[in-house]
Amino acid sequence: MRLIDSHAHLQFPQFDKDREAVIARTRAAGIGVINVGTDLETSRQAVTLTEKNEKMWATVGIHPTDLPAPEAEEKIFSELEKLARQSRVVGIGECGLEIRNGKFDVRSESGKRQIQIFERQIELAKAVGKPLMIHCRNAYDGLLSVLSNFQSPTSNLHFFAGDWPTARKFLDLGCTLSFTGVITFANQYDEVIKKMPLDRLLIETDCPFVAPAPYRGQRNEPSYVIEVARRVAELRGSSFEAIAAATSANTRRLFAPLETSF
Ligand SMILES: [Zn+2]
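Note that residues are indexed from 1 along each chain, following the sequence as it is written. The predicted nature of this model means local features are confined to residues of pLDDT at least 70 and side-chain atom pairs, given and counted, to a pLDDT of 80 or more, with totals for whole chains, interfaces and linings taken over all residues. Only hydrogens and water are set aside; all other atoms, that is, all heavy atoms of the structure, feed into the side-chain values.

Residues separated by three or four positions in an α-helix point in the same direction, a consequence of the helix having 3.6 residues per turn. Note on conventions: DSSP H or I runs of at least 4 residues are helices, E runs of at least 2 residues are strands, and numbering of each starts at the N terminus. Here a helix's expected span is defined as the number of its residues, less one, multiplied by 1.5 Å. Between its first and last C-alpha atoms helix H3 (residues 73-84) spans 16 Å; for 12 residues at 1.5 Å apiece the expected length is 16 Å, and the two agree. Throughout, exposure labels follow a simple rule: accessible area from a 1.4 Å probe, protein chains only, divided by the maximum for the residue type, with under 20% read as buried, over 50% as exposed, and the rest as partly exposed. Looking only at H3, the buried set comprises Glu73, Ile76, Phe77, Glu79, Leu80, Leu83 and Ala84. Within H3, the buried residues cover an arc of 165° as seen down the axis, which keeps them to one side. Summarising the geometry of H3, the exposed residues directed more than 90 degrees from the buried face are Glu74, Lys75 and Lys82. By definition in these notes, contact holds between two residues if any of their heavy atoms fall within 4.5 Å. Summarising the contacts, the buried residues of H3 are in contact with helix H2 (40-52), strand S3 (56-60), strand S4 (89-98) and helix H4 (109-128). Working definition: the arc comes from the directions between the helix axis and the C-beta atoms, pointing outward to the latter.

This is the structure:
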């Protein structure tokens, strides 16, 4: 396995017509994949993909924009916990905080609800002894306070989109940061990628979303993670092989069950 796409959604409907062909290309390219759940159903589907594919793992969780109705919450969490205990499930998420417009308000009703469901997933991660796959959009301050107050397990901040001072705070907490194909066509992450310690850096596609150059505008897929590794190598003045080896090792170290299933 040459590279690991640490955050993908091959279970999403965008792949319904040709999922097997996409998986075949992924396998041929020597790429391992962590498929990430965003609610109970897509978490189940991510686990199903691990059953049929040797180089795939799953995380299970609830995305901050897919929060359950309060009356469904207990049932969903008990199902989620059963999935979370499976051996090919390597983490909890994607979970976290998101605000589309403006600033995250911890006191607003939706802010409180997001924090509550996030904290419940932190508890679940601790209970099953697995790390968090965190989604955060425009809410790094809120996230920092939840993570610091909570003695949370080790976490990967997927699709990291903060500046260097923000990155430093999360690195100090022990988090890893992962980067998508956005880094192939936007420059605002260059500083973080150049300055951060290599042993905390992960790569991902977040497919079917945000395809890297030269595939911009098309559906993304795990084999395109090669473009992300190439750009990280370029920015850090390293070889592709060194970045491939380091990011794969970092992913295995964080998502430990992935290591033991080799
Ligand atoms: Zn995602």
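On we go from here.
What follows concerns the packing of H4 against helix H5 (residues 140-150). Only the stretch in contact is used when fitting a helix axis, every axis being a line fitted to C-alpha atoms; angles between N-to-C directions are given from 0 to 180 degrees. Two numbers describe how H4 lies on H5: the axes approach to 11 Å, and their chain directions differ by 40°. Compared by their axis directions, H4 and H5 come out oblique. Crossing handedness for the pair H4 and H5: right-handed. Within the contact between the two elements, H4 uses Ile115, Phe118, Glu119, Ile122, Glu123 and Lys126 and H5 uses Leu143, Val146, Leu147 and Phe150. Classifying every residue of the contact of H4 with H5 gives seven nonpolar, no polar and three charged. Angles are sorted into four bins: roughly parallel if under 35 degrees, roughly antiparallel if over 145, roughly perpendicular if 65 to 115, and oblique for all others. By convention, the crossing between two helices is left-handed when the near helix turns anticlockwise from the far helix through less than a right angle, and right-handed when the turn is clockwise. When residues are sorted by character, Ala, Val, Leu, Ile, Met, Phe, Trp, Tyr, Cys and Pro go into the nonpolar class, Asp, Glu, Lys and Arg into the charged class, and all the rest, Gly among them, into the polar class.

Here the rule is simple: two strands pair whenever DSSP picks up at least two bridges between them. Reading across from one edge, S1-S2-S3-S4-S5-S6-S7-S8 is the order of the eight strands in this open sheet, with parallel pairing throughout. The sheet is open, and its two borders are formed by strand S1 (3-8) and strand S8 (201-203), each paired with just one other strand. Strand-to-strand twist of the sheet, defined as the mean angle between neighbouring strand axes without regard to direction, takes the value 30°. Bridge count between S3 and S4: three bridges; the pairing is parallel. What sits directly across from valine 60, in S4, is isoleucine 92. Across the sheet, H2 touches strand S2 (31-36), S3 and S4, and the angle it forms with S3 is around 160°.

To continue, consider the coordination of the zinc ion. Any N, O or S atom lying within 2.8 Å of the metal counts as a donor, and for Na, K and Ca the limit rises to 3.2 Å; water is left out, so some sites can look incomplete. For the zinc ion, the protein coordination sphere consists of His7 (NE2), His9 (NE2), Glu94 (OE) and Asp206 (OD), at 2.1 to 2.4 Å. All donors of the zinc ion belong to a single chain; written as a sequence motif, their spacing is H-x1-H-x84-E-x111-D. Of this pair, histidine 7 sits in strand S1 while glutamate 94 sits in strand S4, placing them 87 residues apart in sequence.

Let us look at helix H1 (residues 19-28). What H1 keeps buried is the set Arg19, Val22, Ile23 and Thr26. Seen end-on, H1 carries its buried residues on one side only, within an arc spanning 100°. Of the residues in H1, the exposed ones pointing more than 90 degrees away from the buried face are Glu20 and Ala28. Turning to H1, the residues buried within the fold contact S2, H2 and S3. Glycine 30 sits one or two positions beyond H1 and adopts a positive phi of about 70°.

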